[in-house]
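Architecture and fold: a report
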Amino acid sequence: MSVLFVCLGNICRSPIAEGIFRKLANEANENIKIDSAGTGSWHIGERSDPRARRVGEMNGCPMNHLARQLQSKDFEEYDHIVVMDAANMRDVLAWPGARKEKISYLLQWDPDNDDLEVPDPYYGEEDGFDNVYAMCYSACENLLSAIVNSRRIVEP
Ligand code: 4NP
């Protein structure tokens, strides 16, 4: 099983979601391939935004990711392509090689959150990153449960 989180720059939201999901999967002893990528190319090779790393480290999710751009082969290599907002969804659906059935919004996985989009914190204040972390955390817990439970379904 494998999950790729996607946002615009791959320095704020998707590496936070990746860090959370890795921590949750490790705690659950689940062997899942996890990565993140951006639709944009501006930050390729850069470490995550210091504000994102701060919120990750504060919560026990060290973030060592270096930004990379989405690639067509990701649609073959990952079971879930999980996006943060409607612009990501539009861009990912239009990507060469896109596999529509693998793509979801992260917040679709959280039944307790009526929002669909994780807001872009890049141009905002520090507390925007705490908000992103909290939104991503609940959704990642639910996504992990869904993946684990889907494996337990046995055909009659
Ligand atoms: P992210 O945030 O998509 O959550 O990584 C952004 C990071 C950088 C930019 C936009 C959004 N940017 O325009 O450089």
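Summary of the structure given here. (Residues numbered from 1 in each chain as written. Predicted model: local features only at pLDDT ≥ 70, side-chain atom pairs only at ≥ 80, totals over all residues. Heavy atoms only, no water.)

Let us now look at helix α4 (residues 86-93). Among the residues making up α4, those that are buried are Asn88, Met89 and Val92. Down the axis of α4, the smallest arc covering the buried residues is 100°, so these residues share one side. Considering only its buried residues, α4 is in contact with β1 (2-7), α1 (13-27), α3 (74-77), β3 (80-83) and β4 (103-105). Residue Asp85 occupies the N-cap position of α4, its side-chain oxygen lying 3.1 Å from the main-chain nitrogen of Ala87. (Buried < 20%, exposed > 50% of the residue type's maximum accessible area, 1.4 Å probe, protein only. Helix = DSSP H or I, 4+ residues; strand = E, 2+ residues; numbered from the N terminus. Arc of directions from axis to C-beta. Contact = heavy atoms within 4.5 Å. Polar contact = N/O pair within 3.5 Å; in protein donor to acceptor, adjacent residues only side chain to side chain.)

Turning our attention to the packing of aromatic side chains. In the structure shown here, the tally under the stated rule is three aromatic pairs. Seen in terms of ring centroids, Phe5 and Phe21 are 5.5 Å apart; in terms of plane orientation they differ by 65°. Their pairing is edge-to-face. In this pair, Phe5 sits in strand β1 while Phe21 sits in helix α1, placing the two residues 16 residues apart along the sequence. An identical accessibility class is assigned to Phe5 and Phe21; each is buried. Seen from their ring centres, Tyr122 and Tyr123 are 4.8 Å apart, and the 80° between their planes marks the pair as edge-to-face. Of note, Lys33 hangs over the ring of Tyr78, and the distance from its end group to the ring centre comes to 4.7 Å. (Phe/Tyr/Trp six-rings, centres within 6.5 Å; stacked < 30°, edge-to-face > 60°. Lys NZ or Arg CZ within 6 Å of the ring centre and 35° of its normal.)

By size, the foremost hydrophobic cluster in this structure holds 34 residues, and its most contacted members are Phe5, Ile16, Phe21 and Leu106. Listing elements by their share of this core, those giving two or more residues are β1, α1, α2 (50-58) and α5 (126-152). Of the residues forming this core, the biggest block, eleven residues, is contributed by α5. With residues up to four places along the chain from it excluded, the contact list for Phe21 reads Val3, Phe5, Ile32, Ile34, Cys140, Leu143, Leu144 and Ile147. If you look at the next biggest cluster of nonpolar residues, it comprises 13 residues, including Leu4, Val83, Trp95 and Ile103. (Core = buried A, V, L, I, M, F, W, Y, C linked by side-chain atoms within 4.5 Å.)

This paragraph deals with unusual backbone geometry. Positive phi values are uncommon outside glycine, yet Asn10 reaches one of about 60°. Even without a glycine there, the phi angle at Asn29 is positive, about 55°. Positionally, Asn29 belongs in the loop between α1 and β2 (33-38).

Moving on: the pattern of salt bridges. One side chain can pair with another of opposite charge once the charged atoms of both are near each other. Scanning the entire structure with this criterion turns up 14 salt bridges. Glu18 is the salt-bridge partner of Arg22, the closest N and O atoms lying 2.9 Å from each other. Of the two residues, Arg22 and Glu18 are both situated in helix α1; the distance of four residues between them amounts to about one turn of the helix. Using a relative accessible area of 33% as the deciding quantity, one classes Arg22 as partly exposed. For Glu18, a relative accessible area of 6% puts it in the buried group. For the salt bridge of Lys23 with Glu27, the shortest nitrogen-to-oxygen distance reads 3.3 Å. Residue Lys23 and its partner Glu27 are both found in helix α1; the two are separated by four residues, about one turn of the helix. On the accessibility criterion, Glu27 (52% relative accessible area) is exposed. Through salt bridges with shared partners, a single ionic network connects Arg13, Asp85 and Asp120. (Salt bridge = Lys/Arg side-chain N within 4 Å of Asp/Glu carboxyl O.)

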